[in-house]
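Spelled out, the chains give:
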Amino acid sequence: MPELPPEGTGKKPSTWHHARMRHFAFLGREDRERLFFRAPRPFTVDDRPDRLGVGLGAALYCPATRPHLAVDIARRAAQGVVTVVVCLEDSVPDVELAAAERNTVRQLCELGESDGAAPMIFVRVRRAAQISMLVDGLGANAGMLTGFVLPKFGEENGAGYFDEVVAVSERIGRRLLVMPVLEAAEIGYVESRVSSLLAARALLDKYREYVPAVRIGATDLCGAYGLRRGRDFTVWDVRVVADVISAVVNVFGRADGSGYVVAGPVWEYYSAQERMFKPQLRESPFVAHEERALRTQLIAADLDGLIREVVLDRANGLIGKTVIHPSHVAAVHALSVVAHEEYADACDVLATKSSGGAAASCFGNKMNESKPHTAWARRTMLRAEAFGVAHDGISFVDLLGAGLHQ
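(A) The arrangement of a nonpolar patch on the surface in detail. A grouping of Tyr189, Tyr225 and Leu227 is seen on the molecular surface, where their side chains present a nonpolar patch of about 240 Å² in accessible area. Looking at the secondary structure, you find Leu227 in the loop between helix H9 (218-223) and helix H10 (239-252). The exposure class assigned to Leu227 is partly exposed, which follows from its relative accessible area of 37%.

Here it is, written out as structure tokens:
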């Protein structure tokens, strides 16, 4: 076990875990009032797990080897990043692991002793023993940690992870959160998929209050079949992996009270390269909002594929997303804001849920059925709390513009 740095520098203990977070907090009052019919509400890590899970938004992964990690995290938090995952697993070469562990403790201590902003911070570990090691190394700055991301989670390794998390939570006097990543080959293979997913859910059910969201490792799942999706394809176009994601939602995303928030898998492209197909973003909404320049910027940054994937994620029961580049955060968060029409329909459904029946939407384009749409309406309201409700006539293009200009 590598030797970790001393516990901070003797300055004030970190109290970041008490901080209130709010999406789009970087906006000034004028922009907030222009864009939002109902502004995002603040939340803390002490909120109930489902509200936290929805509020995670775009979880930005950072390798634990970054030499200026504390500065990077503070800067991104000021630009709207709410969730950061410091990765000690696949993004760190084996020979650099000990140095990455020391750097993680050093950088989080530095961040905890500063006066800057900090988001929710999770550490993606590669073995259970790292959990206690990191918390002990942070000492008085353990408040910087929101929790841990558990890779290749399953029945065999899950109990050991949770034993460590529960133990350190009791030791420091507050709950540390856990986000398991479903990405092991046995979850992908059809002959073991159902039993593996059910076993993982049975284990998570014992620790429900610790779990804000279940994550999906699409890159590892693709790797189990020797695949890698190109930038012109979403994960939903890779049918063998899309089937696994659908199974995960089936087991973990149920709306009967037994489900969890299930987050979308990573979008791994961020640089502009020669395109095989025409850009997938339609021009019409950008023309309507006089945002042709923004459209060009998005396509150049490969955000058109990300946007399409986020839309399909939402249609299939996922919310939030793992991202690896700061430019992705604004797109994910803009698409998470509840449209005014969605909000009005959800309000109508919830207002008549006890009486049942169906009625035409006030927008005159759909039927709202109280009983079958109630679960959708409740989830929409959770998203509205976290990300707000846009004014009628405000589109994701307007919200993207505000976010990308930070």
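(B) Summary view of empty space enclosed by the protein. In total, this model carries 2 cavities of 30 Å³ or more according to the counting rule given. What the second largest cavity holds in volume is close to 40 Å³. Of all the secondary-structure elements, those providing two or more residues to the lining of the second largest cavity are helix H13 (303-315) and helix H14 (327-336). Counting residues per element, the lining of the second largest cavity draws most heavily on H13, which supplies 3 residues. Residue classes in the lining of the second largest cavity are distributed as 4 nonpolar, 2 polar and 2 charged.

(C) Structural view of the layout of surface pockets. Empty space within the largest pocket amounts to approximately 840 Å³. Arg254, Tyr260, Val261, Arg379 and Leu382 are the residues nearest the centre of the largest pocket, which is lined by 29 residues in total. Among the elements of the structure, helix H2 (49-55) and helix H16 (370-387) are those that each provide at least two residues to the lining of the largest pocket. Partitioned by chemical class, the residues of the lining of the largest pocket number 14 nonpolar, 6 polar and 9 charged. When its volume is computed, the second largest pocket comes out at roughly 620 Å³. In terms of lining residues, the second largest pocket is bounded by 29 residues, among which Tyr61, Ser91, Val266, Thr322 and Ile324 are the most central. Contributing elements (two or more residues each) for the lining of the second largest pocket: strand E2 (58-63), helix H3 (69-78), strand E3 (83-87), strand E7 (215-216) and H9. Here the residues of the lining of the second largest pocket sort into 13 nonpolar, 5 polar and 11 charged.

(D) Representation of the pairing of strand E6 (residues 177-182) within the structure. By the criterion of burial, E6 is predominantly enclosed, with 6 of the 6 residues buried. Note that strand E5 (residues 147-150) and E6 share 4 bridges and pair parallel. Note on E6: the bridge partner recorded for Gly147 is Leu177. For the handedness criterion, the β-α-β arrangement of E5, helix H6 (residues 155-172) and E6 is classed as right-handed. Alignment of E6 against E7, held across 2 bridges, turns out to be parallel. Within E7, the position partnered with Val181 by the bridge is Arg215.

(E) Expanded view of the sheet that holds E6. Spatial strand order, E7-E6-E5-E4-E3-E2-E9-E8: 8 strands in an open sheet with parallel pairing. Both outer strands of the open sheet, E7 and strand E8 (264-267), are each paired with one neighbouring strand and no more.

(F) Structural view of helix H8 (residues 193-205). In this model, H8 (13 residues) spans 18 Å end to end at C-alpha, consistent with the 18 Å of a helix rising 1.5 Å per residue. Taken together, the buried positions of H8 are Arg193, Ser196, Leu197, Ala199, Ala200, Arg201, Leu203 and Leu204. Here the buried face of H8 lies against H6, E6, helix H7 (185-188) and H10.

Cut-offs and rules
- Residues numbered from 1 in each chain as written.
- Predicted model: local features only at pLDDT ≥ 70, side-chain atom pairs only at ≥ 80, totals over all residues.
- Heavy atoms only, no water.
- Patch = residues over 30% accessible without salt bridge, like charges linked within 9 Å, V, L, I, M, F, W, Y side chains within 5 Å.
- Areas by Shrake-Rupley, 256 points an atom, 1.4 Å probe, with all protein chains shown as cover.
- Salt bridge = Lys/Arg side-chain N within 4 Å of Asp/Glu carboxyl O.
- Helix = DSSP H or I, 4+ residues; strand = E, 2+ residues; numbered from the N terminus.
- Buried < 20%, exposed > 50% of the residue type's maximum accessible area, 1.4 Å probe, protein only.
- 1 Å grid on protein atoms, 1.4 Å probe; cavity = no way out; pocket = protein on both sides within 12 Å on 5 of 7 lines; lining within 4 Å.
- Points joined across faces, edges and corners; volume = space filled by probe spheres on them.
- Nonpolar A, V, L, I, M, F, W, Y, C, P; charged D, E, K, R; others polar.
- Pairing = 2+ DSSP bridges.
- Right-handed = clockwise from strand over helix to strand, strands pointing away.
- Expected span 1.5 Å × (residues − 1).
- Contact = heavy atoms within 4.5 Å.

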